[in-house]
Amino acid sequence: MARWFAPHNTIVCLPAIAAVVVSVVMGVTGCAPIGSSYDYTVFESELELVFSSKYRILVLIRANGQDAFDMVESETTIISPRFSPDGNMIAFYDLGVSSGLPVSSRDVSLVVSDLGWEGAPEDGFVSFSLLQFDTDHRLIVDDVIPPLWAPDGRSVFVAHNTGIEQVFLSGKREDVVADGKIRTVSITRTGDQLVYSDGANIFLLDIRARITRSILDPGFVPQFGNKYIRALALSPDEKHVVFAVGHELYVLDFTTRGVQRIHEAVNRVYWLEWSRGRDRIFFLSGREFGGRGALSPAMYETEGKFALYSMTPAGDDLHKLFSNSRLDARQAIPDLSPDDRYISLTARAGGVKEVVLVATDGSGVSVLTAGGPNCYASWRRTVEIPVR
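To keep things clear, this report deals only with the structure shown in the data block. Position numbers for residues start from 1 in each chain and track the written sequence from start to end. In view of the model being predicted, local features appear only for residues whose pLDDT reaches at least 70, and side-chain atom pairs are presented and counted only at 80 or more, with totals across whole chains, interfaces and linings using the full set of residues. Working from all heavy atoms in the structure, the side-chain values ignore hydrogens and water.

Attention shifts here to the overall build of the protein. Across its full length, the protein holds one helix and 29 strands. Buried residues are those whose accessible area, probed at 1.4 Å on protein chains only, stays under 20% of the maximum for their type, while exposed residues exceed 50% and partly exposed ones sit between those limits. Expressed as a percentage of the 388 residues in the protein, the buried residues total 55%. Here, residues are in contact when the closest pair of their heavy atoms is within 4.5 Å. Put simply, 49% of the contacts in the protein that link residues at least 6 apart link residues at least 24 apart. The accessible surface values rely on the Shrake-Rupley method and a 1.4 Å probe; as for residues, cover is taken only from the protein chains in view. Per element, the accessible surface of the protein, about 16400 Å² overall, is 50% carbon and sulfur. Each helix is a run of H or I in the DSSP string that is no shorter than four residues. Each strand is a run of E no shorter than two, and both are numbered from the N terminus.

So this is what it looks like as structure tokens:
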């Protein structure tokens, strides 16, 4: 049985400036470069984010690289942390293995940690076994969808190969979608509706009434070849959704059900986000590794790549913000900061995975960590809640 700990405040990494990085635990001096075409800087921001260090420790850190804090330490592999809306709790997946990041797992759990818990450390966690990940006896880590918090912070949605389950912190569990593999999912601000895709269509689910309706016309997504919907994002007013079919980007109007093609990327699109405060769409496109079993280690180093872009909802004013090679595009896992100023993602730096911050206005890049693997970064939606 997995065990989790809330360790004392141990510094694991300090300012990730391009010149010097000091880490008490990792013992690293110096930061591996990720490319020479960027202005490297330290972002002076009070915003915080969490990442998985060596797949065992969840670390809270400020965007300027200061005040790193070991929040959760595990005996087994933990990935995909996501803060609750109020920042008081964090949900993550425990893969039930102790040998790094596995290709497969038969013992996956959703774990929720109460960051303000003042009792015995082991009692500050609640765990839910996710047997649905074991239907084919493996968890495909590259395709895993992070836990999705309901806006009221009382439940978490878990998307998987056979649908979507709503897991309440009270212990109650309900299948809200139970008819196929989920490729991508989002939730409205009120928490009343889920917007999701099985790859072939986009669906709008009324969570309370359990009524689902498809949005796209049948046949919009080709039923042949390798084109499917991999990513989507709601507009700030929730009247539109941007989505990707392969390497093509579209905007859908929920009212008219009209669809407009706005961009064709060079490679498949794996992530989308619609700026909350600016009229911009961010997306990541790239290439996966050609196949795990058929490639030599040398080929692993050259197959994967990705690039991060910004453009208007009409598809104009395209800017490349960042790119990285020697990493499967599915492993970048971007996340937009609450103030729209930065995007966190995983990049290959000096042979290992590190967390990188990219300014959405194109002004610079910050290498936040060193001594990896460090990955699965995501932002805290509030910075007022102290970690005890």
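Time to look at the pattern of salt bridges. Each salt bridge in this description consists of a side-chain nitrogen of Lys or Arg and a carboxyl oxygen of Asp or Glu lying within 4 Å of one another. All chains considered together, the criterion is met by 18 salt bridges. The partner of D143 in a salt bridge is R230, with the nearest N and O atoms 3.0 Å apart. Residue D143 is located in the loop between β8 (125-129) and β9 (148-149), and its partner R230 is located in strand β17 (residues 229-234); the two are separated by 87 residues in the primary sequence. Residue class for D143 comes out partly exposed when judged on its relative accessible area of 21%. Judged by relative accessible area, which is 11%, R230 ranks as buried. For R189, the salt bridge is made with E238, and the minimal N-O distance between the two is 3.6 Å. Pair noted here: R189 is in the loop between β13 (184-187) and β14 (193-197) and E238 is in the loop between β17 and β18 (240-245), with a separation of 49 residues, a long-range link. A relative accessible area of 56% places R189 in the exposed class. For E238, a relative accessible area of 22% translates into the label partly exposed. One network of salt bridges, with partners in common, ties together D143, R230, R268, E288, D328 and R330.

As a further point, take the sheet that holds strand β6 (residues 89-94). The strand order across the open sheet formed by four strands is β5-β6-β7-β8, and the pairing between neighbours is antiparallel. Of all strands in the sheet, those with a lone pairing partner are β5 (78-83) and β8, marking the two edges. For this sheet, the mean angle separating the axes of adjacent strands, direction not counted, is 20°. Sheet topology places β6 next to strand β7 (residues 109-114); six bridges connect them, and they run antiparallel. Counterpart to I90 in the pairing with β7 is S113. A strand pair is defined by DSSP finding two or more bridges across the two strands. Every axis corresponds to a line fitted to the C-alpha atoms, with the helix fit spanning only the stretch in contact, and the corresponding angles, defined between N-to-C directions, vary from 0 to 180 degrees.

Most of strand β22 (residues 281-287) is tucked away, with six of its seven residues classed as buried. Relative to β22, strand β21 (residues 268-274) runs antiparallel, the two being bridged by six bridges. Following the sheet pairing, R268 is matched in β22 by G286. Hairpin connection from β21 to β22: six residues lie between these consecutive antiparallel strands. Sheet analysis places β22 next to strand β23 (residues 305-311), joined by seven bridges and oriented antiparallel.

Cavity: a set of points on a 1 Å grid over the protein atoms alone where a 1.4 Å probe fits but cannot get out. Pocket: an open set with protein on both sides within 12 Å along at least five of seven lines, its lining residues, like those of a cavity, having an atom within 4 Å of a point. Grid points are joined across faces, edges and corners, and a volume is the space filled by probe spheres set on the points. Within this structure, the stated rule accounts for two cavities of 30 Å³ or more. Roughly 30 Å³ of volume is contained in the second largest cavity. Ten residue types, Ala, Val, Leu, Ile, Met, Phe, Trp, Tyr, Cys and Pro, are classed as nonpolar, four, Asp, Glu, Lys and Arg, as charged, and the remainder, Gly among them, as polar. Looking at side-chain class alone, the lining of the second largest cavity contains four nonpolar, two polar and one charged residues.

Right, let's talk about the sheet that holds β17 for a bit. Reading across from one edge, β17-β18-β19-β20 is the order of the four strands in this open sheet, with antiparallel pairing throughout. Each of the sheet's edge strands pairs with one partner strand only, and the pair in question is β17 and β20 (259-264). Strand-to-strand, the axes of this sheet are offset by a mean angle of 25°, without reference to chain direction. Examined bridge by bridge, strand β19 (residues 248-253) and β20 share five bridges and lie antiparallel to one another. Bridge pairing in β20 places L249 opposite H263.

On the secondary structure map, R330 appears in the loop between β24 (319-325) and β25 (335-336). With a relative accessible area of 18%, R330 lands in the buried category. Within 3.5 Å is the distance limit for a polar contact, defined as a pair of N or O atoms, with the added protein rule that one can donate a hydrogen and the other accept it, and that residues adjacent in sequence qualify only through two side-chain atoms. Reaching out from R330, the side chain makes a polar contact with the side chain of D328 at a distance of 2.8 Å. Setting aside anything within four residues of it in sequence, one finds R330 in contact with D142, D143, R230, Y270 and E288.

Empty space within the largest pocket amounts to approximately 1600 Å³. Elements with a contribution of two residues or more to the lining of the largest pocket: β5, β9, β13, β17, β21 and β29 (374-379). Looking at side-chain class alone, the lining of the largest pocket contains 29 nonpolar, eight polar and 13 charged residues.

Across soluble globular proteins, nonpolar side chains show a tendency to be buried alongside one another. Judged by nonpolar contacts, the single largest core of 22 residues is most densely connected at L284, F306, L308, F322, L345, V356 and V358. Elements represented by at least two residues in this core include exactly β21, β22, β23, β24, β26 (342-349), β27 (352-359) and β28 (365-367). Of all the elements, β26 adds the most residues to this core, at four residues. When residues no more than four places from it in sequence are discounted, the contact partners of V358 are F43, L308, L321, F322, R341, Y342, I343, L345, G364 and V365. Side-chain atoms within 4.5 Å link the members of a nonpolar core, which is a set of buried Ala, Val, Leu, Ile, Met, Phe, Trp, Tyr and Cys residues.

A separate point is the side chain of R380. Tracing the backbone shows R380 in the segment after β29. Separated by 3.0 Å, the side chain of R380 and the backbone oxygen of G87 make a polar contact.

Turning next to the packing of aromatic side chains. Stacked, tilted and edge-to-face pairs are distinguished by plane angle, under 30 degrees for stacked and over 60 for edge-to-face with tilted covering the rest, among Phe, Tyr and Trp rings (Trp via its six-membered ring) whose centres lie within 6.5 Å. Under the definition given, this model contains eight aromatic pairs. Among the aromatic side chains, those forming a connected cluster through ring pairs are F43, Y342 and W379. A positively charged side chain is recorded as over a ring if its NZ (Lys) or CZ (Arg) lies within 6 Å of the ring centre. The angle to the ring normal must also be within 35 degrees. One Lys or Arg, K172, reaches over the ring of F168 and ends 5.3 Å from the middle of that ring. Looking at R183, its charged tip hangs above the ring of Y228, at a distance of 4.0 Å from the centre.

Note that every value here comes from positions in space, so none of it alone points to a role or purpose.
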